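# Observations on the model geometry
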Amino acid sequence: MNTPVIGVLALQGDVREHLIALAAADAVARPVRRPEELAEVDGLVVPGGESTTISKLAVLFGVMEPLRARVRDGMPVYGTCAGMIMIADKILDPRSGQETIGGIDMIVRRNAFGRQNESFEAAVDVKGVAGDPVEGVFIRAPWVESVGAGAEVLAEHEGHIVAVRQGNALATSFHPELTGDHRVHALFVDMVRANGAPESL
């Protein structure tokens, strides 16, 4: 799989920016809203936005259960900010009726870094991303309270976990799609490419 097809869950949030970043990282990028579109991609990005809204719309559009099934079956998935909340197995103090896709054994705290007017940028060293630190854009960002044994912490900021990987699932509290630095997306594209490569004999 030289050029993987990667979808961006296009229900709410910064979809266009992720499509641009994925294309810059040598993937074919497509918006995904419905189960039939999900079936055609090799991996999926769940963007930032409002996690409760994304949860409700995913159920409304009939894509929540197919998404859970594909993630359980090993489809690579990458969540940023609200997307991190969506692929967490557990949320601290979830809103009433809020559901997640799951995929990473972690507990996430919503809006942990503060409200919209407390948004900030910070340099973040991300394991697996070579070169200078990544410029992290934190907008009403969550952080990870704790991870299970199968999850690997890739980055922390001020003592809080802000990037995690477990198998084919990747999550960041921050928004790399807003900076023009496509290295985190390239890491995810490599994960998708590796997942689709035939096993060597």
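Reading the values: the criteria
- Residues numbered from 1 in each chain as written.
- Predicted model: local features only at pLDDT ≥ 70, side-chain atom pairs only at ≥ 80, totals over all residues.
- Heavy atoms only, no water.
- UniProt positions renumbered as here; feature names shortened; annotations may be inferred.
- Buried < 20%, exposed > 50% of the residue type's maximum accessible area, 1.4 Å probe, protein only.
- Helix = DSSP H or I, 4+ residues; strand = E, 2+ residues; numbered from the N terminus.
- Arc of directions from axis to C-beta.
- Contact = heavy atoms within 4.5 Å.
- Salt bridge = Lys/Arg side-chain N within 4 Å of Asp/Glu carboxyl O.

If you look the protein chain up in an unreviewed UniProt entry, it shows as Pyridoxal 5'-phosphate synthase subunit PdxT from Streptomyces brasiliensis. Reading the Subunit (unreviewed entry) entry of the UniProt record for the protein chain gives the comment "In the presence of PdxS, forms a dodecamer of heterodimers. Only shows activity in the heterodimer." Here is the UniProt Pathway (unreviewed entry) comment for the protein chain, exactly as written: "Cofactor biosynthesis; pyridoxal 5'-phosphate biosynthesis."

For the rest of this paragraph, the subject is helix α3 (residues 51-60). Taken together, the buried positions of α3 are S51, T52, I54, S55 and A58. Angularly, the buried residues of α3 cover 165° about the axis, an arc narrow enough to put them on a single face. Seen from the open side of α3, the exposed residues pointing more than 90 degrees away from its buried face are K56 and L60. Packed against the buried residues of α3 are β1 (5-9), α4 (64-72) and α5 (82-86).

For the rest of this paragraph, the subject is the pattern of salt bridges. Across all of its chains, the model carries eight salt bridges by this definition. Across the salt bridge formed by E99 and R68, the nearest N and O atoms sit 2.8 Å from each other. Of the two residues, E99 is situated in the loop between β5 (88-92) and β6 (104-109) and R68 in helix α4; the sequence distance between them amounts to 31 residues. We classify E99 as partly exposed; its relative accessible area is 30%. Look at R68 and you get buried, because its relative accessible area is 15%.

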